[in-house]
Amino acid sequence: HNLGHCNFALIAGPQNRASHFAYKKAVEQALMEWKLTPRVLEENNNVEGGTHAVNALLTEKRRPTAVLCSNDLTAMSVIRSLAKFRIRVPEDISVVGADDIPFAALTQPPLTTIRIPREQLGVVAMQKLHEMLIKPTKAGTESILETELVIRESTASVSPAVASKK
């Protein structure tokens, strides 16, 4: 939003998984603060999901200026699929992933992403597993970890040419 984007698409993972549902809800809430509503596509978090989402987005009259993806693999697929249509990232559309997998920095352009603290995630998972073994319960618990936005080259300000098509 700080880069001038007002037309967002969100490629969310399958909503039957709590983490995907939470991600979608968090993105929608953040955008609502700016009175924006993303175009949400529920897709599998894989290469095919990213390709399918791009095909759907490009049939719409109003293209997004930024695509937010629920994982890096989907974002990489989005960048690749957009290139096949000669749509440039970030000049025409900015793309953001989530996870910061090692290959995210190696894409062309390098992927802006949300870094998940993997080591801390592993520690929390083991603690929760240990708690479940000591005191079994049917109810799950929720843990929240701090994430970090890693800005790379797949995002940029909205270009005047793209902004004029809004």
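Preceding this paragraph is the structure being described.
Below is a summary of the structure that appears in this document. Nothing here was measured: the structure is a model prediction, and the numbers come from that model.

### With respect to unusual backbone geometry
Consideration 1: Cis geometry marks the peptide bond from Val-89 to Pro-90, where omega comes out at 5 degrees.
Consideration 2: Mapped onto the secondary structure, Pro-90 falls in the loop between helix 3 (72–84) and strand 4 (94–99).
Consideration 3: Cis rather than trans, the peptide bond between Gln-108 and Pro-109 has omega equal to -5 degrees.
Consideration 4: Along the polypeptide, Pro-109 turns up in the loop between strand 4 and strand 5 (112–115).
Consideration 5: We note that Asp-99 has phi near 125 degrees; this positive angle belongs to a residue other than glycine.

### Here we look at the sheet that holds strand 3 (residues 66–69)
Consideration 1: Spatial ordering of the open sheet is given by 2-1-3-4-5-6, a layout of six strands whose pairing is mixed. A single partner strand is all that each edge strand has here, and the edge strands are strand 2 (39–42) and strand 6 (148–150). Neighbour-to-neighbour, the strand axes of this sheet turn through a mean angle of 20 degrees, independent of strand direction.
Consideration 2: Relative to strand 2, strand 1 (residues 8–12) runs parallel, the two sharing four bridges. By the bridge assignment for strand 2, Ile-11 is matched with Leu-41.
Consideration 3: The strands touched by helix 1 (residues 18–32) are strand 1, strand 2, strand 3, strand 4 and strand 5; relative to strand 1, the strand with the most contacts, the crossing angle is about 165 degrees.

### Overview of the packing of helix 2 (residues 47–58) against helix 3
Consideration 1: Following both chains from N to C, one finds helix 2 and helix 3 inclined at 50 degrees, their axes separated by 7 Å at the closest point. Compared by their axis directions, helix 2 and helix 3 come out oblique. Seen along the crossing, helix 2 lies across helix 3 with a hand that is right-handed. When helix 2 is examined against helix 3, the residues Val-47, Gly-50, Thr-51, Val-54 and Leu-58 are found in contact with a partner set consisting of Leu-73, Thr-74, Ser-77, Val-78, Ser-81 and Leu-82.
Consideration 2: Classifying every residue of the contact of helix 2 with helix 3 gives six nonpolar, five polar and no charged.

### Quick look at the state of the cysteines
Consideration 1: Under the criterion given, the structure shown has zero disulfides.
Consideration 2: Here Cys-69 is not disulfide-linked; the sulfur of Cys-6 is the nearest cysteine sulfur, at 19 Å.
Consideration 3: Using a relative accessible area of 0% as the deciding quantity, one classes Cys-69 as buried.

### Concerning a nonpolar patch on the surface
Consideration 1: On the surface, Met-126, Leu-129, Met-132 and Leu-133 cluster together to form a nonpolar patch covering roughly 450 Å² of accessible area.
Consideration 2: Classification of Met-132 as exposed rests on a relative accessible area of 51%.

Rules used throughout
Residues numbered from 1 in each chain as written. Predicted model: local features only at pLDDT ≥ 70, side-chain atom pairs only at ≥ 80, totals over all residues. Heavy atoms only, no water. Helix = DSSP H or I, 4+ residues; strand = E, 2+ residues; numbered from the N terminus. Pairing = 2+ DSSP bridges. Axes fitted to C-alpha atoms, helices over the stretch in contact; angles between N-to-C directions. Contact = heavy atoms within 4.5 Å. Parallel < 35°, antiparallel > 145°, perpendicular 65-115°, else oblique. Left-handed = near helix turned anticlockwise from the far one by under 90°. Nonpolar A, V, L, I, M, F, W, Y, C, P; charged D, E, K, R; others polar. Disulfide = S-S within 2.5 Å. Buried < 20%, exposed > 50% of the residue type's maximum accessible area, 1.4 Å probe, protein only. Patch = residues over 30% accessible without salt bridge, like charges linked within 9 Å, V, L, I, M, F, W, Y side chains within 5 Å. Areas by Shrake-Rupley, 256 points an atom, 1.4 Å probe, with all protein chains shown as cover. Salt bridge = Lys/Arg side-chain N within 4 Å of Asp/Glu carboxyl O.

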